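Next come the chains, spelled out residue by residue.
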Amino acid sequence: MVNSQASGVPPAPRSCAGCGGKIADRFLLFSMERYWHTRCLKCSCCQAQLGDIGTTCYSKGGMILCRSDYIRLFGHSGACSACGQSIPANEMVMRAQGNVYHLKCFSCATCRNRLMPGDRFHYINGNIFCEHDRPGAALLSSHLPPLQSSSVLTDQKVC
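Residues numbered from 1 in each chain as written. Predicted model: local features only at pLDDT ≥ 70, side-chain atom pairs only at ≥ 80, totals over all residues. Heavy atoms only, no water.

### Some remarks on helix α3 (residues 67–74)
Alright, step 1. Listed as buried for α3 are D69, Y70, L73 and F74. Relative to the axis of α3, the buried residues are bounded by an arc of 100° and lie together on one face.
Alright, step 2. Residues of α3 that are buried sit in contact with β5 (58–60), β6 (63–65), β7 (93–96) and β8 (99–102). (Buried < 20%, exposed > 50% of the residue type's maximum accessible area, 1.4 Å probe, protein only. Helix = DSSP H or I, 4+ residues; strand = E, 2+ residues; numbered from the N terminus. Arc of directions from axis to C-beta. Contact = heavy atoms within 4.5 Å.)

### A short note on the pairing of strand β10 (residues 127–130)
Alright, step 1. Sheet topology places strand β9 (residues 120–124) next to β10; 4 bridges connect them, and they run antiparallel. Across the sheet, residue H122 finds its bridge partner in β10, namely F129.
Alright, step 2. Two successive antiparallel strands, β9 and β10, enclose a turn made up of 2 residues, where N125 displays a positive phi of approximately 50°. (Pairing = 2+ DSSP bridges.)

### Side note on the environment of S15
Alright, step 1. Positionally, S15 belongs in strand β1 (residues 14–15).
Alright, step 2. What makes S15 partly exposed here is its relative accessible area of 38%.
Alright, step 3. Setting aside its immediate chain neighbours within four residues, S15 contacts G20, G21, K22, I23 and Y35.
Alright, step 4. A distance of 3.3 Å separates a polar atom in the side chain of S15 from a polar atom in the side chain of K22. (Polar contact = N/O pair within 3.5 Å; in protein donor to acceptor, adjacent residues only side chain to side chain.)

So far we have only geometry, and geometry alone does not tell us how the molecule works.
This is the structure in structure tokens:
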């Protein structure tokens, strides 16, 4: 690496991957093997300027994400909570209790029928049960907490 001050030659201006303009700012960011103006490196979902909210960002499927949106979209691991396989960034997903699932994996733990938007389900000890197969009330004593019941509202597309 050449020290531009010692040689008297100014560094060559870099182009911003976001806007394509030359970066003449005092500070620039380097992410995904490209240079960015601080104002141009933004989360693909919430548009937050990533240089202002931290020193890390996440990328998946060509998207650049802040930590919050990455976790919201892909969970802590970026994998389906049922099968453990990676979830592509452009894939529709289902969510329950902070977990993210492939559409095909969002199914009843007993009968394996896939739950569809609008279907009622019960989330018990990390398992999803359809309305028909939920553990019966006869098995529950009065000192146990009530079943958590939810309704699948819609498939959700990333961003």
